[in-house]
Amino acid sequence: LSRHSHASARYGARSLSTSLVFVAGEEGRLLVRLAARNTDGAARRQGGCGGGGPSIRMYSPALEAALRDVVPSTDPLDAPDFNPISHINKLFPNEESLGRADTFSAELQDQMTVLDEEILQTVRQQTSAGSSARKDLEGGKAAMRELFDKVRDIKAKAERSQTMVHEICRDIKSLDYAKRHLTLTITALKRLQMLVTATEQLSVMTRERMYAEAANLLHAVTQLLAHFEGYAGIRKIDELRAQVGELSDTLRAQVFDDFNRLSAQEGAPQPSQTETLLGACAVVDALGPAARREMVAWFSSWQFAPYKHAFQPYGDAGSLDKTELRYGWHRQLLRQFDETFVTLFPHAWHVGLSLTLDFCSITNKHLEEILDQARGSLDVAVLTHALQKTVEFEKEMHARFSAEARDREGGEGGEGEGGG
């Protein structure tokens with residue numbers, strides 16, 4: 001039994017050691033572990049049989065555990081705590097069982113032969129797999145180089161495309177600026193042409209005293225000139241602006257001249273004269289708020305000239321007891337205005353309200369002067385009567401002009417004028 005065990009151990013150690021050398025040359029790590037375990041088993045068996053001692057542990061517990069995980073085995077020869085004496089005694093517990101020793105030894109020899117063949121086949125497969133793996137690795141490296149080259153080419157093309165896009169965008173931006181400037185130039189030239197034409201027509205209408213047409217042209221010219229505010233210093237624009245200013249002054253003088261002729265005649269204006277004066281009022285509107293205020297002030301001064309003369313404080317009607325006559329005179333003025341001039345002036349001018357405000361201002365000054373002269377000699381009855389008539393007149397005018405006064409305040413607020 002001892003001879004057979006020694007022979008089996010020596011043969012297994014020799015065969016597996018040879019396989020270990022071959023496997024190490026082929027870098028087969030897994031097979032190295034397997035061969036090492038089988039060599040370890042053989043060494044243990046040899047040591048056990050030779051010394052008859054206890055079990056032998058060739059590797060650390062951590063390595064044994066790793067080997068069990070990688071190559072699990074139920075063979076008692078692969079156990080880390082293998083004891084050859086105990087194993088042999090288990091196989092051959094008595095003398096009668098020793099008759100199977102030769103048979104058992106032959107079986108062990110066959111197993112070792114099979115293991116050698118399996119190891120050699122595995123090594124050959126591993127060698128072939130290693131060559132294939134190297135080829136695959138080289139192929140992967142080549143594919144990576146090719147992919148890197150393609151990425152580099154794509155990056156270069158992307159950079160060229162980005163440069164091209166920037167150039168195209170720069171050209172498009174330049175064209176857009178050119179289009180915008182060309183559009184502004186064309187618009188400015190069209191407006192300039194319209195301004196020149198309108199100025200020429202305005203000159204003709206001013207010369208012919210065609211006020212209605214001149215008012216429309218003056219509105220148009222004013223709006224066109226507003227578009228050329230940023231073109232100061234350009235000779236043509238400055239000439240047109242100066243020409244329009246001269247025409248505006250001429251129109252203003254003509255309009256006031258026509259109204260002065262109206263104040264010099266007796267009675268209401270003739271129908272043809274009314275048409276001319278309506279156009280003149282349209283021209284005053286086109287000239288702006290300052291001209292309108294001037295026209296209303298002129299008309300008010302014309303209407304109140306007789307009143308100032310008749311009711312001056314030193315005149316016959318300039319006493320406190322004639323206060324009621326003052327209010328009657330203004331009521332008569334408003335009736336005459338409604339009959340003769342209400343259709344002549346635009347409603348937005350609020351001429352009737354302006355006349356009433358001027359009347360109140362003039363009358364206030366007259367009454368202050370009269371009261372100063374009569375200080376210490378006032379008749380209470382006369383003063384009470386004057387106050388009563390004044391309150392009645394104020395209520396009457398408030399009822400007539402309150403809505404109109406609110407409209408005027410709103411309009412003058414938009415024009416930057418002061419309220420009356």
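Participant: Looking at this model, I keep getting lost on the overall build of the chain. Mind explaining?
Facilitator: Tallying secondary structure elements over the chain gives 12 helices and zero strands in all. Written out in order from the N terminus, the α and β elements of the chain read α-α-α-α-α-α-α-α-α-α-α-α. Looking at the chain as a whole, 31% of its 420 residues qualify as buried. The contacts in the chain between residues at least 6 apart in sequence include a share of 74% that link residues at least 24 apart.

Participant: I would appreciate a short explanation of the nonpolar core in the present structure.
Facilitator: Side chains that are nonpolar tend, in soluble globular proteins, to be buried together. By size, the foremost hydrophobic cluster in this structure holds 57 residues, and its most contacted members are Val 255, Phe 259, Met 295, Phe 299, Phe 345, Trp 349 and Val 351. Where this core is concerned, the elements lending two or more residues are helix 5 (101-207), helix 6 (211-226), helix 7 (235-264), helix 8 (271-287), helix 9 (289-310), helix 10 (323-340), helix 11 (351-373) and helix 12 (380-415). Sorting elements by how many residues they give to this core places helix 7 first, with nine residues. Discounting residues that sit within four places of it in the chain, Met 295 has contacts with Val 255, Phe 256, Phe 259, Val 284, Phe 345 and Trp 349.

Participant: For this particular structure, what's the right way to read the packing of helix 7 against helix 9?
Facilitator: Axis angle and axis distance: for two packed helices, these are the angle between their axes and the distance between the axes, and together they describe the pair. Interhelical geometry of helix 7 versus helix 9 gives an angle of 15 degrees and a closest axis separation of 11 Å. In terms of their interaxial angle, helix 7 and helix 9 are classed as roughly parallel. Crossing angle aside, the handedness with which helix 7 passes helix 9 is right-handed. Taken together, the residues of helix 9 that come into contact with helix 7 (itself represented by Arg 252, Val 255, Phe 256, Phe 259, Asn 260, Leu 262 and Ser 263) are Ala 291, Glu 294, Met 295, Trp 298 and Trp 302. For the contact of helix 7 with helix 9, the class distribution of residues is eight nonpolar, two polar and two charged.

Participant: What's the story with the side chain of Glu 404 in this structure? I'm lost.
Facilitator: Note on placement: Glu 404 falls in helix 12. For the buried Glu 404, no salt bridge exists, and the shortest N-O distance to an oppositely charged side chain is 6.2 Å, to Arg 400. Within the local environment of Glu 404, its side chain forms a polar contact with the side chain of His 350, the two groups lying 3.1 Å apart.

Participant: Help me understand the pattern of salt bridges, please; the structure alone is not making it clear to me.
Facilitator: Pairing is possible between side chains that carry opposite charge, provided their charged atoms lie close to one another. By the definition in use, this model includes 14 salt bridges. Measuring nitrogen to oxygen at the nearest pair gives 2.5 Å for the salt bridge that ties Arg 261 to Asp 257. With Arg 261 and Asp 257 both in helix 7 and four residues apart, the pair spans about one turn of that helix. Its relative accessible area of 46% is what places Arg 261 among the partly exposed residues. Put simply, Arg 209, Asp 257, Asp 258 and Arg 261 are held in one network by salt bridges that share partners.

Participant: Just checking my understanding: could you explain helix 6 for this structure?
Facilitator: Side chains of residues three or four places apart in an α-helix project in the same direction, reflecting 3.6 residues per turn. In this model, helix 6 (16 residues) spans 22 Å end to end at C-alpha, consistent with the 22 Å of a helix rising 1.5 Å per residue. For helix 6, every residue scored as buried is listed here: Tyr 211, Ala 214, Ala 215, Leu 217, Leu 218, Val 221, Leu 224 and Leu 225. The secondary structure elements touched by the buried residues of helix 6 are helix 5, helix 7 and helix 8.

Participant: Can you help me understand the packing of helix 6 against helix 7 in this one?
Facilitator: Interhelical geometry of helix 6 versus helix 7 gives an angle of 150 degrees and a closest axis separation of 11 Å. Our classification of the angle between helix 6 and helix 7 gives roughly antiparallel. For the crossing formed where helix 6 meets helix 7, the hand is left-handed. For the pair formed by helix 6 and helix 7, the contact residues are Tyr 211, Ala 214, Leu 218, Val 221 and Leu 225 on the first element and Arg 241, Val 244, Ser 248, Leu 251, Gln 254, Val 255 and Asp 258 on the second.

Participant: Honestly, the side chain of Thr 356 in this entry has me stumped. Any pointers?
Facilitator: Following the sequence through the fold, Thr 356 ends up in helix 11. Among the polar contacts listed, one links the side chain of Thr 356 to the side chain of His 330, at a separation of 3.1 Å. Excluding residues that lie within four positions of it along the chain, Thr 356 makes contacts with His 330, Leu 334, Met 397 and Phe 401.

Participant: Help me out: how do you make sense of unusual backbone geometry in this one?
Facilitator: With the exception of glycine, the majority of residues adopt a negative phi angle, and the majority of peptide bonds are in the trans configuration. For Arg 209, which is not glycine, the phi torsion reads 55 degrees and is therefore positive. Examined against the element boundaries, Arg 209 turns out to sit in the loop between helix 5 and helix 6.

Participant: Whenever I open this one, helix 10 confuses me. Can you help?
Facilitator: The end-to-end C-alpha distance of helix 10, which contains 18 residues, comes to 26 Å, matching closely the 26 Å that a straight helix rising 1.5 Å per residue would cover. For helix 10, every residue scored as buried is listed here: Thr 323, Arg 326, Tyr 327, His 330, Leu 333, Leu 334 and Phe 337. Looking down the long axis of helix 10, one finds its buried residues gathered within 110 degrees of arc, a one-sided arrangement.

Participant: Any chance you could explain the confidence of the model for the chain here in plain terms?
Facilitator: Should pLDDT be low for a region, the predicted coordinates there are not to be read in detail. Of the residues in the chain, 83% have a pLDDT of 70 or more, and the chain-wide mean is 80. Counted against residues more than four places away or in other chains, residues 416-420, with its pLDDT under 50, gives nine contacts.

Basis of the calculations
Residues numbered from 1 in each chain as written. Predicted model: local features only at pLDDT ≥ 70, side-chain atom pairs only at ≥ 80, totals over all residues. Heavy atoms only, no water. Helix = DSSP H or I, 4+ residues; strand = E, 2+ residues; numbered from the N terminus. Buried < 20%, exposed > 50% of the residue type's maximum accessible area, 1.4 Å probe, protein only. Contact = heavy atoms within 4.5 Å. Core = buried A, V, L, I, M, F, W, Y, C linked by side-chain atoms within 4.5 Å. Axes fitted to C-alpha atoms, helices over the stretch in contact; angles between N-to-C directions. Parallel < 35°, antiparallel > 145°, perpendicular 65-115°, else oblique. Left-handed = near helix turned anticlockwise from the far one by under 90°. Nonpolar A, V, L, I, M, F, W, Y, C, P; charged D, E, K, R; others polar. Lys, Arg positive; Asp, Glu negative; His and termini not counted. Salt bridge = Lys/Arg side-chain N within 4 Å of Asp/Glu carboxyl O. Polar contact = N/O pair within 3.5 Å; in protein donor to acceptor, adjacent residues only side chain to side chain. Expected span 1.5 Å × (residues − 1). Arc of directions from axis to C-beta. pLDDT = per-residue confidence, 0-100.

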